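Notes for the structure review
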Amino acid sequence: MSTIAGQQTTWLTQEAYDRLKAEHDQLAGTGRTEIAKKIEAAREEGDLKENGGYHAAKEEQGKMEARIRQLVQLLDDVMTSAPPLVELVLQAADGASWVVLAGSLPPGLAAGFYADITVELRRRYGAGAPKVAIDSSGAPLAAALAARPDLLKPNAEELAELTGFSDATSLEGDPLLAAHAARTLVTAGVGAVLATLGSKGALLVTAQGSWFAQSPPIVARSTVGAGDSALAGYLLSHLTGAA
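Report follows, based on the coordinates. The structure displayed is predicted, hence computed values, not measured ones.

1. Remarks on the environment of Glu40
The topology assignment puts Glu40 in helix H1 (residues 14–43). Overall, Glu40 belongs to the partly exposed group, its relative accessible area being 39%. Once the C-alpha coordinates of Glu40 and Ala133 are considered, the two residues, 93 residues apart in sequence, prove to be 58 Å apart.

Dropping the structure here:
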């Protein structure tokens, strides 16, 4: 669910809308019927001033009616389509082979933004949806796991955070341990994990196997963009049929 800042419009996916609508229908239908029966049964027990069951049922009825009013207002105000920013991404992705969702999120976007885009891409384009690569960190990267992206591109620190395996230094120094950690993500549904291990090299893990590569020794001037370059190289190779 997303809300546009400064406006009253709330955007819900169709799945979320259907879930809230089902809750409303249940409360407004069988929910009201059942609580009315509870109140009537309690009323028949006698003196209402000393009737704990009656007062409990009336309190439950009040809470239920408040929830029904809340759901009515929410369902009246929502738009059941992708939020504007997501919609722009979906339109730009039409016909693409890959969509790369990378970097930290700007203020105001929920941690699940990348995951939401992944889900919406597949819902809109079905079997023709582009593959999704996610290269982020912290909460957005963790939230992305639920959407099962086609590729995750963590560094050693992010891989350790995602999997709970040891620490970044240990993973960089032990490719087998790093491969084991990445394998847990693939087992959880991620298509492939491309893990960069600093100066030690890079690791690719898929359902078909694991591959570790090292670069020739160099004098590093800066590591800025190293992870981006690794991801770009992988995607280029995939597009040309080399990966």
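2. Focus: the packing of aromatic side chains
Summed over all chains, the structure comprises two aromatic pairs. With a centroid separation of 6.5 Å and 80 degrees between ring planes, the pair formed by Trp98 and Tyr234 is classed as edge-to-face. Of this pair, Trp98 sits in strand E4 (residues 98–102) while Tyr234 sits in helix H9 (residues 226–239); the two residues are 136 residues apart in sequence, bridging distant segments of the chain. Of the two residues, Trp98 and Tyr234, neither departs from the other in class, the shared state being buried.

3. Here's the deal with H9
With 14 residues, H9 ought to run about 20 Å at 1.5 Å a step, and its terminal C-alpha atoms sit 20 Å apart, in line with that. For H9, the full list of buried residues reads Leu231, Tyr234 and Leu235. Around the axis of H9, the buried residues are gathered within 95 degrees of arc, so they sit on the same side. Check the buried side of H9 and you find it contacts E4, strand E5 (131–135), strand E6 (151–152), strand E7 (192–196) and strand E8 (202–206). Two residues or fewer after H9 comes Gly241, characterised by a positive phi angle close to 85 degrees.

4. Topic: the environment of Ala142
Note on placement: Ala142 falls in helix H5 (residues 138–144). What makes Ala142 partly exposed here is its relative accessible area of 41%. Taking the C-alpha atoms as reference, Ala142 lies 8.6 Å from Ala111; in sequence the two are 31 residues apart.

5. Let's talk about the nonpolar core
The biggest cluster of nonpolar side chains holds 33 residues, and the ones touching the most others in it are Ile134, Leu159 and Leu171. When residues of this core are assigned to their parent elements, the largest contribution, six residues, is made by helix H8 (residues 175–187). In this structure, Ile134 is in contact with Leu101, Tyr114, Thr118, Leu141, Ala144, Pro149, Leu151, Leu152 and Lys153, ignoring residues within four places of it in sequence. Ranked by size, the runner-up nonpolar core spans 14 residues in total, among them Ile39, Met64, Leu71 and Leu75.

6. Things to note about the pairing of E8
Among the five residues of E8, four are classified as buried, and the element is accordingly described as predominantly covered. The antiparallel hairpin formed by E7 and E8 contains five residues in its connecting segment, where Gly198 sits at a positive phi of about 60 degrees. In terms of strand pairing, E8 meets strand E9 (residues 209–213) through five bridges, oriented antiparallel. If you follow Val205 over to E9, its bridge partner there is Ser210.

What counts as what
Residues numbered from 1 in each chain as written. Predicted model: local features only at pLDDT ≥ 70, side-chain atom pairs only at ≥ 80, totals over all residues. Heavy atoms only, no water. Helix = DSSP H or I, 4+ residues; strand = E, 2+ residues; numbered from the N terminus. Buried < 20%, exposed > 50% of the residue type's maximum accessible area, 1.4 Å probe, protein only. Phe/Tyr/Trp six-rings, centres within 6.5 Å; stacked < 30°, edge-to-face > 60°. Expected span 1.5 Å × (residues − 1). Arc of directions from axis to C-beta. Contact = heavy atoms within 4.5 Å. Core = buried A, V, L, I, M, F, W, Y, C linked by side-chain atoms within 4.5 Å. Pairing = 2+ DSSP bridges.

Read these as layout, nothing more, since geometry by itself doesn't imply function.
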